[in-house]
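Commentary on secondary and tertiary structure
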Protein chains: 4
Amino acid sequence: MIILLKREANKEDVRRLREDLMERGFSLHESTGTVESLIGVVGDTSTLDIGTIEARDCVDQVKRIAEPYKSVNRKMHPENTVIDVRGHKFGDGSLQIIAGPCSVETEEQIMSTARAVKEAGATMLRGGAFKPRTSPYAFQGLEADGIKLLLKAREETGLPIVTEIMGVEDLPLFEDIDVIQVGARNMQNFKLLKALGKVKKPILLKRGLANTIEELLMSAEYITAGGNAEVILCERGIRTFETMTRNTLDISAVSLMKQKSHLPVCADPSHATGILSLIEPMSLSLIVAGADALEIEVHCTPTRALSDGSQQLTPTAFTELMVNIRKMAEFLGRKIG
Amino acid sequence: MIILLKREANKEDVRRLREDLMERGFSLHESTGTVESLIGVVGDTSTLDIGTIEARDCVDQVKRIAEPYKSVNRKMHPENTVIDVRGHKFGDGSLQIIAGPCSVETEEQIMSTARAVKEAGATMLRGGAFKPRTSPYAFQGLEADGIKLLLKAREETGLPIVTEIMGVEDLPLFEDIDVIQVGARNMQNFKLLKALGKVKKPILLKRGLANTIEELLMSAEYITAGGNAEVILCERGIRTFETMTRNTLDISAVSLMKQKSHLPVCADPSHATGILSLIEPMSLSLIVAGADALEIEVHCTPTRALSDGSQQLTPTAFTELMVNIRKMAEFLGRKIG
Amino acid sequence: MIILLKREANKEDVRRLREDLMERGFSLHESTGTVESLIGVVGDTSTLDIGTIEARDCVDQVKRIAEPYKSVNRKMHPENTVIDVRGHKFGDGSLQIIAGPCSVETEEQIMSTARAVKEAGATMLRGGAFKPRTSPYAFQGLEADGIKLLLKAREETGLPIVTEIMGVEDLPLFEDIDVIQVGARNMQNFKLLKALGKVKKPILLKRGLANTIEELLMSAEYITAGGNAEVILCERGIRTFETMTRNTLDISAVSLMKQKSHLPVCADPSHATGILSLIEPMSLSLIVAGADALEIEVHCTPTRALSDGSQQLTPTAFTELMVNIRKMAEFLGRKIG
Amino acid sequence: MIILLKREANKEDVRRLREDLMERGFSLHESTGTVESLIGVVGDTSTLDIGTIEARDCVDQVKRIAEPYKSVNRKMHPENTVIDVRGHKFGDGSLQIIAGPCSVETEEQIMSTARAVKEAGATMLRGGAFKPRTSPYAFQGLEADGIKLLLKAREETGLPIVTEIMGVEDLPLFEDIDVIQVGARNMQNFKLLKALGKVKKPILLKRGLANTIEELLMSAEYITAGGNAEVILCERGIRTFETMTRNTLDISAVSLMKQKSHLPVCADPSHATGILSLIEPMSLSLIVAGADALEIEVHCTPTRALSDGSQQLTPTAFTELMVNIRKMAEFLGRKIG
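Residues numbered from 1 in each chain as written. Chains lettered and ligands numbered in written order. Predicted model: local features only at pLDDT ≥ 70, side-chain atom pairs only at ≥ 80, totals over all residues. Heavy atoms only, no water.

**Quick word on the interface of chain B and chain A**
Each partner contributes to the interface: chain B provides 50 residues, whereas chain A provides 51 residues. Carbon and sulfur atoms make up 52% of the surface buried where chain B meets chain A, a total of about 4200 Å² over both sides. For the pair chain B and chain A, the number of links is eight salt bridges. Across the pair B:Asp20 and A:Arg304 runs a salt bridge, and its minimum N-O distance is 3.2 Å. The interface formed by chain B and chain A contains 25 residue pairs in polar contact (both at pLDDT 80 or more). Listing elements by their share of the side of chain B that touches chain A, those giving two or more residues are helix H2 (50-54), helix H5 (190-196) and helix H6 (213-225) of chain B. (Contact = heavy atoms within 4.5 Å. Buried area = accessible area lost by both parts, 1.4 Å probe. Salt bridge = Lys/Arg side-chain N within 4 Å of Asp/Glu carboxyl O. Polar contact = N/O pair within 3.5 Å; in protein donor to acceptor, adjacent residues only side chain to side chain. Helix = DSSP H or I, 4+ residues; strand = E, 2+ residues; numbered from the N terminus.)

**Description of the relation of the copies chain B and chain A**
Aligned on chain A, chain B shows an RMSD of 0.0 Å; the corresponding rotation is 180 degrees and the shift along the axis is 0.0 Å. Such a combination of turn and shift is consistent with a two-fold rotation axis. Residues of chain B ranked by C-alpha distance from the rotation axis are headed by B:Ala210, positioned 2.9 Å from it. Most of the interface of chain B is mirrored in chain A, where 100% of its interface residues again form contacts. (Least-squares fit on C-alpha atoms with pLDDT ≥ 70 in both.)

**Description of the packing of helix H3 (residues 107-120) of chain D against helix H4 (residues 144-157) of chain D**
Angle between the axes and distance between the axes: these two values describe a pair of packed helices. All names here are of chain D. The interhelical angle for the contact between H3 and H4, taken along N-to-C directions, is 35 degrees, at an axis separation of 10 Å. Considering the relative orientation of H3 and H4, their crossing is right-handed. On H4, the residues touching Glu107, Ile110, Met111, Ala114, Arg115 and Lys118 of H3 are Leu149, Leu150, Lys152, Ala153, Glu156 and Thr157. Residue composition of the contact of H3 with H4, by class: six nonpolar, one polar and five charged. (Axes fitted to C-alpha atoms, helices over the stretch in contact; angles between N-to-C directions. Left-handed = near helix turned anticlockwise from the far one by under 90°. Nonpolar A, V, L, I, M, F, W, Y, C, P; charged D, E, K, R; others polar.)

**A short note on the pairing of strand S10 (residues 179-182) of chain D**
Two faces belong to every sheet, and in a regular strand the side chains alternate between them. All names here are of chain D. Side chains Val179 and Gln181 project from S10 onto one buried face, and the interleaved Ile180 and Val182 project onto a second face that is buried too. Both strand S9 (residues 161-165) and S10 contribute to a ladder of four bridges, which runs parallel. Bridge pairing in S10 places threonine 163 opposite isoleucine 180. Judged from the three bridges that link them, S10 and strand S11 (residues 203-206) form a sheet pairing that is parallel. Considered in S11, the bridge of isoleucine 180 is made with isoleucine 203. Once you follow S10 into helix H5 (residues 190-196) and on to S11, the crossover reads as right-handed. (Buried < 20%, exposed > 50% of the residue type's maximum accessible area, 1.4 Å probe, protein only. Pairing = 2+ DSSP bridges. Right-handed = clockwise from strand over helix to strand, strands pointing away.)

**Some remarks on the domain arrangement of chain A**
For chain A, the domain assignment lists domain 1 (2-63) and domain 2 (83-331). When each unit is reduced to the centre of its C-alpha atoms, the spacing between domain 1 of chain A and domain 2 of chain A is 44 Å. (Domains from an automatic or database assignment.)

**With respect to the sheet that holds strand S14 (residues 293-297) of chain C**
Residue and element names in this part refer to chain C. Strand order in the closed barrel formed by eight strands is S7-S8-S9-S10-S11-S12-S13-S14, with parallel pairing between adjacent strands. Taking the axes of each pair of neighbouring strands and ignoring which way they run, one obtains an average angle of 30 degrees across the sheet. Where strand S11 (residues 203-206) and strand S12 (residues 231-235) come together, four bridges link them in parallel fashion. Across the sheet, leucine 205 pairs through a bridge with leucine 233, a residue of S12.

**Quick look at unusual backbone geometry**
Negative phi is the rule for most residues except glycine; trans is the rule for most peptide bonds. Backbone geometry places A:Arg86, a non-glycine residue, at a positive phi of 50 degrees. Tracing the backbone shows A:Arg86 in the loop between strand S5 (83-85) and strand S6 (88-90). Residue classification places A:Arg86 among the exposed residues on the basis of a relative accessible area of 52%. The phi dihedral of B:Glu143 falls on the positive side, at around 55 degrees, and the residue is not glycine.

**Quick look at the sheet that holds S10(D)**
Strand order in the closed barrel made by the eight strands is S7-S8-S9-S10-S11-S12-S13-S14 (chain D), with parallel pairing throughout. Averaged over all neighbouring strand pairs, the angle between strand axes comes to 30 degrees, with direction disregarded.

**Details of helix H7 (residues 251-260) of chain A**
Counting buried positions along H7(A) yields eight of ten residues, so the element is predominantly enclosed. Among the residues of H7(A), those classed as buried are A:Ile251, A:Ser252, A:Ala253, A:Val254, A:Ser255, A:Leu256, A:Met257 and A:Lys258.

As structure tokens, then:
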């Protein structure tokens, strides 16, 4: 961390600042120029509050140099983290395809969709039992019953289950779930993140609507700092001024997160675009950009869906998509599953 | 809701769509033009999923006409909602000034700050016991002990307490708190909103970093739909491309929310700007724009603060600010308190 | 400017970097820590390209410390710039109200609107002769004929004219215009800015849709660096994710630009919000925030307007607005005109 | 276009609205429901100003149904536009690689870079002679001399030249240039677009920093409406809240523009990301997403560049990139050149 002092800084103020920092165990190296004087602060500055230092009269600006994320930082841990979910791996170069409906609606719907995506080549099943909806009047999910139906679908198809949690109090219901998903709107629900740090299960952590890559890494750090090293980052589109697509899919974030962190990275082209005709080109682009997994919405009858019908593929369309995903994976020398 | 049909729409598909909507109790009025044909859907369309209708082959686009928020909509309830907190009112034209530190840190800090803001003319005390922090390594708040210190400060100063909740499981700790705040990062924590719909206490609901005004109103609707009509909306800056201010304070949102909804509106110039020299001009502008309350950060010793030091006013600066707030309130014929 | 070196920086590379900088006349002060080593570069670094320095193998990051704007920086010129337009002043504490239609459409329209705004108390007349329109099929303005009509309106009413230029080649037509406006879409039309640096007339420079405050100041610097010191900055709303207002009016930018620069600041609540009912509260808030001038759209018959009808006030509504503007100006001790 | 009437609309007002629209040649189809009444307007509504209709007392909202772009719309012209530049084609499925330095700096620099990119397999040469720079103190380009050097490089290497124009007045200098580029900051410089509509040369039109896809298509429409059908659209990153990348590359826009328009689409991963390590993954993703061309910055000695050094590839790095681009093109069955 670098502290820039004001030109007219009072010497006594600077002396006190210096002392306070040294008392807290930091070592300092200073540099006094004719125009700018600065103090370099060495040590674990992740506990220092920039604003509080800037509140001092003698300080002009504070610039953080070191990245504030540590355990998820590739610099600290150069090897990929590999997460094993019933034999399917994230982070070892293979590609996981997590498919299924937006919401679990009925037994027939989830079973027939699960069979269809398995048949087409998906490696895991997704489906929402708890649904975060903008409107309190919209369908809110089957909750505990939805979880049961997902487990039933796993029993029949063997596909591991990825499903979203919305509150700490529901954790007991997720005991048999394979991967717990944290949705975009909960990316900075720090209570939930802390609770998931104590869980012995992989967490699929989605980037918030307007959260930076650094903030996503810091949220992952909440989980890893709590003791759970198995975090899968997930890009799902960010909110921008563009309205033609639902969100703006930030594919560069996928490549950049693979470089900055050792954690596996997933991406969700369905939520990111909200447009059926974009799901194939975006899926293939994401694979090329280095995604370890894709989450894709498939519904046995999208026109009957209780949520997000317009972005869910039919089984037929998903089967065609898988043909092209397989070709691309083969070209890149990556195994699906 | 208006459904635009595709030019080449299959008649049988359209017939089925029409039937399905009528079965669900909607009445339809149709209009067939040479270029565009459309179906107007009349009834409570807030339960209809736009995407699922757009998933049908015969449909080109769906446009929602009616505002999706109902109980918080001024059209449904033209009179201002007035919320009474120990005799201080939100929404009757008076102005509440909620001041205090970002975080409760020590007994001495909260007591001396509480005395100072009371002395300067604040009408309520704010202070964070549970702190949402981007970094797991940053100070996370005194939690239950912080709540106790706030209640002690109320005992001495008589100022009602506004403080933030971060999870449903902490609700019992808020029993004696006067106003429960929901922070920006939890604006779409729907589990929490539902729980607060069952509480008999005013809720100060902050706009999310990248949430639209409509989404904020829908989140308020979660609380009111649950049975708690006492919601105070709060503008606290949105995330934009601008980096010179911490966030972009959307003052037009304050005026617009007063027009669209009957709920009282608060604003937080401290978090919105992150810049001390902007707090006075923004506070006065917000009052002019119609804010019912302001939330302002004040700390007895900002350079010792454990969080956000750079945006917290000293008691002296807050006292000067209050002089100008009082003049403006007087000019506008508004009572403080 | 501070250059952070990589930990593993090659000494020979660092030596060459140091030499190159000194050859270009900079003086350096270095600081070698155990964790980070850095070089402070002293001199006029506004000519240095950050990217080119970062391209060197030995460099980790480059951080600019000094503000890149100079002649418009209040630090360099603490006194307000005061611009006199036919006796009306910008920057001396008085308030200018620039009113008129979005576009000049007909002689009758501009004359009757000019008379009405004059009568209501406006101090200058605005009106577009050249109109930047998203669609090539929309009304593009009366061009040279529009300029003539504006001058005729000035002749009758005595109101100075503010009107927009869209290209260098039209400059001769603006010879008798009082204030030349540069629209948001041309804020970084550097050819135009350079040409306006050679003009002896005040320039009203609007902030671009997605341009930062710093970029607006840099665009002003293009004009002042060319020799024309009379620049009025103008906030007109920025593009964000919010869709309920046309743009997001950044009132904090008005206060901040007054602090960072000595140039006068105008604001345009009509374009910023696009909503009639917001024009009054935003106008008053902007005055409180320190705006030296407001630009407000008024049309004698908005329902007949060729552009932007929905945000243009009628003369009656403008007259009512002026009553409240006058009261606020009086309260603040500011003179209109 | 659909006009929603207010519930309490005055009948006489509605009658007048109806008459005015019919007088202008539109045909109307109306639908009167118990809740909402609406008027569908049929005809070329691209000339109607939404705001002016919304200014009427009887009107609640106006919704545009038809896309406002016509000649660039794939619905009007289903076949791809193919643009031939000295035998290299855009839009026929082949892939053009436009490489070269950010700025033309010296004869030696442009010649050696041109030779290097030719050798590595680039099909066209880019290089800025006129440089739009945020700061007036930064290098502004060699202007006319830069154009001459580019032509010299074409003479030696045979590579067609792509270079940026900044003002109408410079058009004569571009007579021998192969493709004229319009930069992001000039995407809505409508004077320039109109002038380019009269030119007989392909135009590479870059998306503005904060312009929607629809606005980019409308700017292309300015050129095609003027008579020049040869427009290449270019995605180059948009401005969002994310700061880790320079801009956010919107790869979904590339696929979507190929669907919505028949024009060829180029993309610029260098400006979009500003990060060397992202250029390869983004280039490959863009090709997969359907880009007809890539524009990539290469400089013989990036550490000596006068602009944007950090994002320019060395010839060696570009040569390696081309190896992977060739493999991907081959896999997709696309020819380079």
